[in-house]
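The primary structure of each chain is shown beneath.
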Amino acid sequence: MSEIEFPTPIPEIANPLTAPGRALGRDPFDDLAGPNPLEEQLDQLEARQADGSLAQRRVLKPTAKQAAIQEVTAKQPAIEKVTANPPVIGKAAARPTPATQSTTRQPVARPEDALPSRDNLARLSQRRWATTPPLAEIELPPAKGLADRLLNPNERRVLASLAHLVEGDAPYDRFGYSPEAMKTTFPFFHALYRLYFRVRSEGHEHILDEGPVVLAGNHGGLLPFDAAMAIIDVALHTDPPRLVRAIVDRWAGSLPWINIFYARVGQVVGTRENFAKLLDDGQLLLVFPEGIDGMRKTISHRYRLQNFRVGFIEHALRARTPIVPVAFIGSDDQSPILFDVKPLARRMGIPVAPITPTFPWLGPLGLLPYPVSYRIIYGEPLRYHERFGPEAADDSRLVRYLANQVRRTVQLLIDRNRK
Amino acid sequence: MTNILVTHADEPIGRRVVKNLYHDPDVEVIFALGSGPPPRKFDAYLAGNDPRVTYTRLDLAKHRPIRDLFHSAPFRTAEIDTVVYVPRHGAGASAAAVPLIGGLAERTAESRLLLQHCLETHTIRNLVAIGSAFVYRLPPGNANHLNEDSELNLDPNVMPEIRSWIDCDMIFHSEVHNDRLRVVLLRVPTVVAAGGYVYLHPSLAGRPGVRVRTLGFDPICALVSDKDVARAVRAATKTPVSGIFNIAGGEAVPLSMLARWTGHRSLPVPGPLLGMLDLGERVLGIESRLGAGGGAQLRYGFTLNTDRAAAELGFRSQYRIGLARAGDGALRLETASV
């Protein structure tokens, strides 16, 4: 009876944390002092892998794509695997890396390799990403209206710059974003940002100046103030200013008035087509891969990430987009849920029926967040697309694995910064 | 050289298509069909001993007239090789919105008969049909981006007008991969013509008046100029591709704003009341368009991904849509070339 031969495992998949290529993105905690909470598990993993038992159990059957990756990695000397240019498969090789894209201020033309090879497509190749002008280039119009008087010149410049996301003099963009609505609501949320939540943030340098980026963070609180704070924070700390397009749940899109408000301030319902289009336009997306599960965490599970959805990984791979992990600290404390009455929620058709220290005792006022201090930490971009290419989006096991990697990274960001 | 048959040429979009094709040097003969008398604008086209444009009155939804046409001597002499199906959309389509012919909506009967005769007529190689983008199932949200692969609305309770669009869409879709007949289906959103006229919108088409929308919702409406639609049709007749293509302009505005621009009064009504209004209209057999089916199009908006049309048809929108002050000083919705 012949022995079953297991295929050689992909180094990163068999052992993601010690793989030489670091293809799954640089671990943001490598440079930090202090013990790595996963070190112990890692040692165990390596020890078991040395005797082959774990390697045989955990190895995934390689697809054709993965086999190609193995071939490429096997041919390259080890020293090359840690360079800034990891092996790229297929069409990905022809595309400039986001790092090079971010160095230029000019709008970047989309790569021709993504386009059908027809003569009449020349105009398509000139398509440009949605960009905003740098603050220094903004000529500030005279202040008029209450909103202008409540903001300082720099913040008005930010809003004027974000207005360039709408083409020409049209009042709305294709997703219903209205610069006027943004201007009207900005002072209120800015006051929350500065005075109520007292937001502190770090790591803005990881957000590219232009081009598609997916921010993936933890979700908490009954009302999505974490997204609102991220919008204000990114707009104030990037130059050229970038508008965060948070992906909201479909349920929110069916709520009267809420759906209009979300759309007018640039938020988009999370359908596949919307997600792909936004990345295609080079926009900055914020996703909460936990979904509704993140919102309905009870107080005993706060800051413990729930399962991540995988759609954002697929789209990021297809659109060759880096993923920036984001940790929101404070969001899980703003409305601590003591109990979630799930039968009631199901009966009412709402995602969560919470019992908090203030809700439902104070009525709707009980839903308002407590004045907790917020911290937002942006981690280093995870450039899975450079390693695996867009074809990897069809490999469901790899996509699930990468989603778990993002989850792990966000969890580490939270754990490190909560202390 | 191409010989083209255009249906419903007496209606606004049909007229625009005929005009656009008339100025195309590659088009030799235009066989225009319509249910009413020829438009006055056709006088110049129809003048002369040997005009390039021929106009025929015909009921496209009935089998006998259309059969007689396809077997008539003038039709055979013209050697039509391309058929452009412009659906009925003018005043006749808005009143009593979907008359049934043999159990089928008029629009469905027309497209079924036309496709059948195109398949049976060997000279015809190309069929370009204008469909509606309201066939898509709209997910919740103020504005959703839709592409050609997005899901169709197969809800059995969809309003009859949209149902007829979906039926037409599926009829043409079924022959997209036909080897002999090249079928191109253009899905267009709300069509805006100069002067502020709106076509193919389930609730805004027709004469200005009171229109309702769901309270708390103001969906984004994708717009396209009638001139751009005619350009897209022309592009589709020239390009050797078949398939389904979204056609849209660059503008997208909320329903309330579009209603205001087009002289309608937009009345927000709570959703449950709107449902009751719609039910009452159905029970009483009234087609007032007031309720407009109370469907998703009054709550959820959409814009269209036109990348495929740009890539394969070479179509890019050239007309902007917006308010402009007309000669009489009044602000009207106009289209202008960029």
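Just so we're clear, the structure is a prediction, and the values are computed from it rather than from any experiment.

### A closer look at the overall build of chain A
At step 1: Of regular secondary structure, chain A possesses 18 helices and nine strands.
At step 2: Across the 419 residues of chain A, 41% fall into the buried class.

### Overview of the overall build of chain B
At step 1: Across its full length, chain B holds eleven helices and 19 strands.
At step 2: Against the globule reference of 20 Å for 338 residues, chain B gives a C-alpha radius of gyration of 19 Å, in line with a compact fold.
At step 3: The C-alpha extent of chain B, read off along each of the three principal axes, is 60 × 45 × 40 Å.
At step 4: Taken across its 338 residues, chain B has 54% of its residues classed as buried.
At step 5: Considering only contacts within chain B whose residues lie at least 6 apart along the sequence, 75% involve residues at least 24 apart.

### Quick look at the sheet that holds strand β2 (residues 213-217) of chain A
All names here are of chain A.
At step 1: Overall, mixed pairing links the seven strands, which are arranged β1-β9-β6-β2-β5-β3-β4 in an open sheet. Strand pairing shows two members of the sheet lacking a second neighbour, β1 (200-202) and β4 (268-269), which therefore form its edges.
At step 2: Bridge count for β2 against strand β6 (residues 323-329) is four bridges, and the pairing is parallel. Along β6, the bridge assignment pairs G217 with V326.

### Comments concerning the interface of chain A and chain B
At step 1: Residue-level contacts link 26 residues of chain A with 25 residues of chain B.
At step 2: Looking at the side of chain A that touches chain B, the elements that each hand over two or more residues are α11 (250-253), α12 (258-264) and α13 (272-280) of chain A.
At step 3: Residues belonging to the side of chain A that touches chain B are distributed by class as follows: twelve nonpolar, seven polar and seven charged.

### Topic: the sheet that holds strand β3 (residues 53-57) of chain B
All names here are of chain B.
At step 1: One open sheet holds the seven strands; their spatial order is β3-β2-β1-β4-β7-β9-β14, and the pairing between them is parallel. In this open sheet, the two strands that pair with only one neighbour each are β3 and β14 (243-246). Mean inter-strand twist for the sheet, computed between neighbouring axes without regard to direction, equals 20°.
At step 2: Relative to β14, strand β9 (residues 182-188) runs parallel, the two sharing four bridges. Bridge assignment links L185 to a residue of β14, and that residue is I244.
At step 3: Running over the sheet, helix α6 (residues 106-120) touches β4 (82-85) and β7 (126-132) and is turned about 175° from β4.
At step 4: In the packing of helix α8 (residues 226-238) onto the sheet, contacts are made with β1 (2-6), β4, β7 and β9, and the angle to β7 comes to roughly 150°.

### Description of the confidence of the model for chain A
Residues and elements named next belong to chain A.
At step 1: On average, chain A scores 77 in pLDDT, and the residues at 70 or more come to 69%.
At step 2: Contacts for the low-pLDDT stretch residues 1-42, under 50 throughout, to residues beyond four places or in other chains number 60 contacts.
At step 3: With pLDDT under 50 throughout, residues 52-63 is counted as low confidence; its partners more than four residues away or in other chains account for 21 contacts.

### Brief notes about helix α15 (residues 311-318) of chain A
Residues and elements named next belong to chain A.
At step 1: Counted residue by residue, α15 has seven buried out of eight residues, so it is predominantly covered.
At step 2: Check the buried side of α15 and you find it contacts β2, α13, β5 (284-287), β6, α17 (384-388) and α18 (396-418).
At step 3: One or two positions beyond α15, positive phi appears at R320, with a value near 55°.

### As for the pairing of β2(A)
Residues and elements named next belong to chain A.
At step 1: The buried count for β2 comes to five of five residues, which makes it a mostly enclosed element.
At step 2: Here β2 shows two buried faces, one formed by V213, L215 and G217 and the other by V214 and A216.
At step 3: Pairing between β2 and β5: four bridges, direction parallel. Residue L215 lies in a different strand from β5, and its bridge partner there is L286.

### Brief notes about the packing of α6(B) against helix α7 (residues 160-173) of chain B
How two helices sit against one another is set out by the angle between their axes and by the gap between those axes.
Residues and elements named next belong to chain B.
At step 1: The geometry of α6 relative to α7 is characterised by a closest axis approach of 8 Å and an angle of 10° between their N-to-C directions. Between α6 and α7, the angle is such that the two are roughly parallel. Two packed elements cross with a definite hand, and for α6 against α7 that hand is right-handed. Listed contacts from α7 to R107, T108, S111, R112 and L115 of α6 are S164, D167, C168, I171 and F172.
At step 2: Here the residues of the contact of α6 with α7 sort into four nonpolar, three polar and three charged.

### A word on unusual backbone geometry
At step 1: Here the residue pair D239(A) and P240(A) is connected by a cis peptide bond, since its omega of 5° sits within 30 degrees of zero.
At step 2: Note the cis peptide between F359(A) and P360(A), where omega equals 5°.
At step 3: On the secondary structure map, P360(A) appears in the loop between β8 (354-355) and β9 (375-378).
At step 4: In the Ramachandran plot, E79(B) falls in the positive-phi region, its phi being about 50° despite a non-glycine side chain.

### Description of the confidence of the model for chain B
All names here are of chain B.
At step 1: With 93% of its residues at a pLDDT of at least 70, chain B reaches an overall mean of 88.
At step 2: Element-level mean pLDDT values for chain B span from 51 in helix α5 (residues 91-94) up to 97 in β9.
At step 3: Confidence metrics for the complex model read pTM 0.80 and ipTM 0.89.

### Overview of the pairing of β1(B)
Residue and element names in this part refer to chain B.
At step 1: Pairing between β1 and strand β2 (residues 27-34): five bridges, direction parallel. Within the sheet, the bridge partner assigned to I4 lies in β2 and is I30.
At step 2: In the classification by handedness, the crossover that spans β1, the intervening helix α1 (residues 12-22) and the parallel β2 is right-handed.
At step 3: Where β1 and β4 come together, three bridges link them in parallel fashion. Looking at β4, one finds that I4 is bridged to T82.

### Brief notes about the environment of G322(B)
Residue and element names in this part refer to chain B.
At step 1: Relative to the elements of secondary structure, G322 occurs in strand β18 (residues 319-325).
At step 2: According to the C-beta neighbour criterion, G322 is partly exposed, with 18 such atoms within 10 Å.
At step 3: In this structure, the C-alpha to C-alpha distance between G322 and G14, residues 308 residues apart in sequence, is 22 Å.

### Examining the nonpolar core
At step 1: Counting residues in hydrophobic clusters, the biggest one holds 175 residues, and the most contacted among them are V6(B) and L186(B).
At step 2: In contact with L186(B), other than residues within four places in its own chain, are V128(B), I130(B), G131(B), A232(B), V233(B), A236(B), F245(B) and I247(B).

About the criteria used
- Residues numbered from 1 in each chain as written.
- Chains lettered and ligands numbered in written order.
- Predicted model: local features only at pLDDT ≥ 70, side-chain atom pairs only at ≥ 80, totals over all residues.
- Helix = DSSP H or I, 4+ residues; strand = E, 2+ residues; numbered from the N terminus.
- Buried ≥ 20, exposed ≤ 12 C-beta atoms within 10 Å, placed from the backbone.
- Rg over C-alpha atoms; globule rule 2.2 N^0.38 Å.
- Contact = placed C-beta atoms within 7 Å.
- Pairing = 2+ DSSP bridges.
- Nonpolar A, V, L, I, M, F, W, Y, C, P; charged D, E, K, R; others polar.
- Axes fitted to C-alpha atoms, helices over the stretch in contact; angles between N-to-C directions.
- pLDDT = per-residue confidence, 0-100.
- Parallel < 35°, antiparallel > 145°, perpendicular 65-115°, else oblique.
- Left-handed = near helix turned anticlockwise from the far one by under 90°.
- Right-handed = clockwise from strand over helix to strand, strands pointing away.
- Core = buried A, V, L, I, M, F, W, Y, C linked by C-beta atoms within 7 Å.

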